[in-house]
Amino acid sequence: MMNFSRRNLIALAMIGSGLLASGLATAQTYPSKPITLVVPFAAGGPTDIVARTLAATMGKSLGQTVVVENKLGAGGTLAAGYVSKANPDGYTFLIHHNGMSTAPALYRKLAFNPMTDFEYVSQAVDVPMTLIARKDLPAKNMQELSAYVKANAKSINLANAGLGAVSHLCGMLFQQAMGVDLTTVPFSGTAPALNALLGGQVDLLCDQTTQTTQHIKAGTVKLYGVTTKQRIRALPDAPTLSEGGLKDFEVIVWHGIYAPKGTPAAVVDKFGSAVRAALKDPSFASRMAELGAEIVPDSKQTPEGLRTWLQSEINKWGPVIRSAGVYAD
Ligand code: ASP
């Protein structure tokens with residue numbers, strides 16, 4: 001019996017060292033081909049802008065191209081489900097925002113579990129949102145908008161990027177704060193939603209500064225406020241929604257980078273190091289600052305920094321969403 005156990009132990013040790021050796025070999029040769037970074041929303045939108053800027057910067061330290069692939073649908077849950085089932089070989093990653101934490105409460109049938117189906121790489125940047133309208137909407141400021149939406153609730157179209165998008169979350173909080181029920185119009189991302197706003201087909205949109213800053217500065221949309229507690233450097237003249245009367249209104253968009261469960265730790269670590277290098281790259285930092293995005297502190301640039309944050313966000317939003325009774329079957 002004793003001998004049998006010892007033999008087993010030796011066999012296990014041999015398998016273990018073999019796995020370790022192959023893990024090291026993978027890490028040494030990784031990446032040997034382009035890597036795909038999946039974005040859950042339309043090209044040209046806020047998540048896509050962060051992803052493409054990050055991917056281009058990461059290519060410098062990885063020595064391989066990081067290709068952005070937009071997988072659209074179901075408020076970002078389609079892409080997350082796709083990556084959760086992708087080959088865990090280090091060549092498929094996901095970038096997703098707050099939607100990763102709201103999806104479990106919003107979707108009764110979800111093809112993935114955010115807490116068990118992924119390896120966590122890092123958080124990246126935090127981005128404020130802005131409440132904007134088509135240029136010719138009569139309300140000139142938040143006080144006027146408040147009266148306008150109450151008087152015209154039936155005819156106002158509020159665009160978003162689907163159930164689970166931050167534009168949906170922000171729009172939901174806005175409607176709750178106003179005590180109105182507007183007609184929501186879902187798009188595959190806020191790039192097409194903003195196009196519809198510019199074309200006057202929809203009235204209102206809550207969207208990240210990464211996409212809206214240039215339009216606000218050019219005056220092609222009407223701005224009511226930013227969703228942060230304090231004013232932001234990228235748009236110093238923009239009032240906060242709190243200043244406009246929406247007390248304590250705050251939505252900040254955070255981003256996490258995920259790999260399918262089972263991706264080797266050494267590979268996650270190498271990809272994560274490239275993320276961290278990109279976040280410290282001055283050209284990345286200045287582009288993000290221009291767009292109102294803030295690079296997260298070092299403590300969040302880790303697998304554990306993302307995992308614990310995601311769990312706390314699930315705990316925070318689950319009850320809020322459930323009590324609002326918003327969900328998809
Ligand atoms: N801003 C979008 C959202 O509302 C996503 C996107 O198009 O990047 O979640």
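Residues numbered from 1 in each chain as written. Predicted model: local features only at pLDDT ≥ 70, side-chain atom pairs only at ≥ 80, totals over all residues. Heavy atoms only, no water.

This brings us to the site of the ligand. In the region of the ligand, the neighbouring residues are Phe41, Pro46, Thr47, His97, Ala161, Ala165, Val166, Ser167, Gly189, Thr190, Asp207 and Gln208. A distance of 2.7 Å is found between an oxygen atom of the ligand and a side-chain nitrogen or oxygen belonging to His97. The contact in question runs from a nitrogen atom of the ligand to an N or O atom on the side chain of Asp207, over 3.0 Å. Computed on the free molecule, the ligand has an accessible area of 270 Å², of which 100% lies beneath the protein chains in the complex. A majority-of-atoms criterion places the ligand in the largest cavity. Taken together, the residues that form the shell around the ligand break down as 5 nonpolar, 6 polar and 1 charged. (Near = heavy atom within 4 Å. Polar contact = N/O pair within 3.5 Å; in protein donor to acceptor, adjacent residues only side chain to side chain. Areas by Shrake-Rupley, 256 points an atom, 1.4 Å probe, with all protein chains shown as cover. 1 Å grid on protein atoms, 1.4 Å probe; cavity = no way out; pocket = protein on both sides within 12 Å on 5 of 7 lines; lining within 4 Å. Sits in = over half its atoms within 2 Å of the grid points. Nonpolar A, V, L, I, M, F, W, Y, C, P; charged D, E, K, R; others polar.)

Put simply, helix H4 (residues 99-106) and helix H11 (residues 303-324) touch, their axes get as near as 8 Å, and they point 40° apart. The angle between H4 and H11 falls in the class oblique. In the crossing of H4 with H11, the sense of the turn from one axis to the other is right-handed. In this structure, H4 contributes Met100, Ser101, Thr102, Ala105 and Leu106 to the contact, and H11 contributes Leu310, Glu313, Ile314, Trp317, Gly318, Ile321 and Arg322. By residue class, the composition of the contact of H4 with H11 is 7 nonpolar, 3 polar and 2 charged. (Axes fitted to C-alpha atoms, helices over the stretch in contact; angles between N-to-C directions. Helix = DSSP H or I, 4+ residues; strand = E, 2+ residues; numbered from the N terminus. Parallel < 35°, antiparallel > 145°, perpendicular 65-115°, else oblique. Left-handed = near helix turned anticlockwise from the far one by under 90°. Contact = heavy atoms within 4.5 Å.)

On to empty space enclosed by the protein, then. Within this structure, the stated rule accounts for 1 cavity of 30 Å³ or more. Empty space within the largest cavity amounts to approximately 80 Å³. Lining the largest cavity are 15 residues, with Phe41, Pro46, Thr47, Ala161 and Thr190 sitting closest to its centre. Looking at the lining of the largest cavity, the element that brings in the most residues is helix H2 (residues 46-62), giving 3 residues. A class-by-class count of the residues in the lining of the largest cavity yields 6 nonpolar, 7 polar and 2 charged. (Points joined across faces, edges and corners; volume = space filled by probe spheres on them.)

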